[in-house]
Amino acid sequence: MSDPKPDLMSAGRLRRIVRLTITPGRGGEARAALATLRDATLMEPGCEEFDFYQQITDPDQFILIEDFADDAALTLHMEKPYTRAFFDLGLLKGGVPIARAWLS
């Protein structure tokens, strides 16, 4: 039986896991904004996955998992009005990609 999952490491695919640090005290607002962003992003033709997880012990910390078909799909995502609106909220204090070794 073949594996129906796409090859996450195939040429051109852009899969990232990013640790997001939110402005202190704004974790609840960030969660709502990320949910809105996720719903819109998952409708994009080049988006394979876009999800986030909030840390239980520090609600201002999130993990974002994103998987786009290629650089063009990510570029298009970054130009979307809803993506720009998320960044314009000023919630994001920083983002650090997690090492590629975790992406297996």
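Thresholds applied
Residues numbered from 1 in each chain as written. Predicted model: local features only at pLDDT ≥ 70, side-chain atom pairs only at ≥ 80, totals over all residues. Heavy atoms only, no water. Helix = DSSP H or I, 4+ residues; strand = E, 2+ residues; numbered from the N terminus. Buried < 20%, exposed > 50% of the residue type's maximum accessible area, 1.4 Å probe, protein only. Polar contact = N/O pair within 3.5 Å; in protein donor to acceptor, adjacent residues only side chain to side chain. Contact = heavy atoms within 4.5 Å. Pairing = 2+ DSSP bridges. Axes fitted to C-alpha atoms, helices over the stretch in contact; angles between N-to-C directions.

> Help me out: how do you make sense of the side chain of Arg13 in this one?
Following the sequence through the fold, Arg13 ends up in the segment before strand S1 (14-22). What makes Arg13 buried here is its relative accessible area of 15%. For Arg13, the side chain forms a polar contact with the side chain of Asp67, separated by 2.3 Å.

> Quick question: what am I supposed to make of the environment of Leu14 here?
With respect to the secondary-structure elements, Leu14 resides in strand S1. Along the chain, Leu14 and Asp67 lie 53 residues apart, while their C-alpha atoms are 5.5 Å from each other. Apart from the residues lying within four places of it in its own chain, the contact partners of Leu14 are Glu66, Asp67, Phe68, Ala69, Asp71 and Leu74.

> Looking at this model, I keep getting lost on the sheet that holds strand S2 (residues 47-54). Mind explaining?
Whether parallel or antiparallel, the strands of a sheet pair through hydrogen bonds between backbone atoms. Taken in spatial order, the four strands line up as S2-S3-S1-S4 in an open sheet, and their pairing is antiparallel. Two strands close off the open sheet at either side, each with one partner strand: S2 and strand S4 (92-97). For this sheet, the mean inter-axis angle between neighbouring strands, taken without regard to orientation, is 20°. As judged from the five bridges shared by S1 and S4, these two strands associate in the antiparallel manner. Residue pairing for S4: Ile22 is matched across the bridge by Leu92. Docked against the sheet, helix H1 (residues 27-41) engages S1, S2 and strand S3 (61-68), running at close to 165° with respect to S2.

Read these as layout, nothing more, since geometry by itself doesn't imply function.
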